[in-house]
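These are the residues of each chain, in order.
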Amino acid sequence: KVPYVLMHMKGNPNTMQHQPYYDNIIKDIIKFLIKKIDILESKGVKDIIIDPGFGFGKTIDHNFSILANLNSFKVLNLPILVGLSHKSMIYNILNTSKLETINGTTALNMYSLSKGAKILRVHNVKQAMECIKLNEAINKNYWMKISVINTGNFKLDGGAMFGVVPKKLWSRTNHSDQNNLCT
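Anyway, here's the lowdown on the structure attached to this text. (Residues numbered from 1 in each chain as written. Predicted model: local features only at pLDDT ≥ 70, side-chain atom pairs only at ≥ 80, totals over all residues. Heavy atoms only, no water.)

What follows is about unusual backbone geometry. Here asparagine 77, not a glycine, exhibits a phi torsion of approximately 55°, which is positive. Although it is not a glycine, asparagine 95 sits at a positive phi angle of roughly 55°. Note on placement: asparagine 95 falls in the loop between helix 3 (88-94) and helix 4 (102-114). Taking the relative accessible area as the measure of exposure, asparagine 95 reaches 72% and is therefore exposed. (Helix = DSSP H or I, 4+ residues; strand = E, 2+ residues; numbered from the N terminus. Buried < 20%, exposed > 50% of the residue type's maximum accessible area, 1.4 Å probe, protein only.)

The subject of this paragraph is the pairing of strand 2 (residues 48-51). Along strand 2, one buried face is formed by Ile48 and Ile50 and the opposite face, lined by Ile49 and Asp51, is buried too. Pairing of strand 1 (residues 4-7) with strand 2, which is carried by four bridges, proceeds in the parallel orientation. Looking across to strand 2, one finds that leucine 6 is bridged to isoleucine 50. (Pairing = 2+ DSSP bridges.)

A word on the packing of aromatic side chains. For the structure shown, the criterion picks out zero aromatic pairs. Positioned above the aromatic ring of tyrosine 22, the side-chain terminus of lysine 10 is 4.2 Å from the ring centre. (Phe/Tyr/Trp six-rings, centres within 6.5 Å; stacked < 30°, edge-to-face > 60°. Lys NZ or Arg CZ within 6 Å of the ring centre and 35° of its normal.)

Next comes the structure, spelled out in structure tokens:
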């Protein structure tokens, strides 16, 4: 078995960026996730990872609000995945190109780890591993291997996206081939 990644998205890919609105973005996403988690658990899904869905039906302000309040998602008692790598929220704020967002991505990844993220979906594995090692030194958390996350049709410069998976999550699964945990 592999964990189920439950990502929030407002609308669908064709409508998600058409003036997204929330009464309270954090509460609205948590309510959405709770409903979906209940459905998944009622169907027997045990290993669930939550993803607040940076960039999926959200403005730049929404994305930074989620990031600033990422620790609020800990109330769900599930691992939090963040996918900030090369997002428009970075290159628009920094007034740079998508391909020049390594420093911004690295900074936001480190911040995410400090706010409770347990899995990073990234393009630049070396920089993400450096974040994790530094976070480990600060918090004494011990992280494990890198595992490829299937991202469908999304590619940046032909590169794959990778996820960094914590040791605690490895041990929560019954998956025999842990090198392919998230594929």
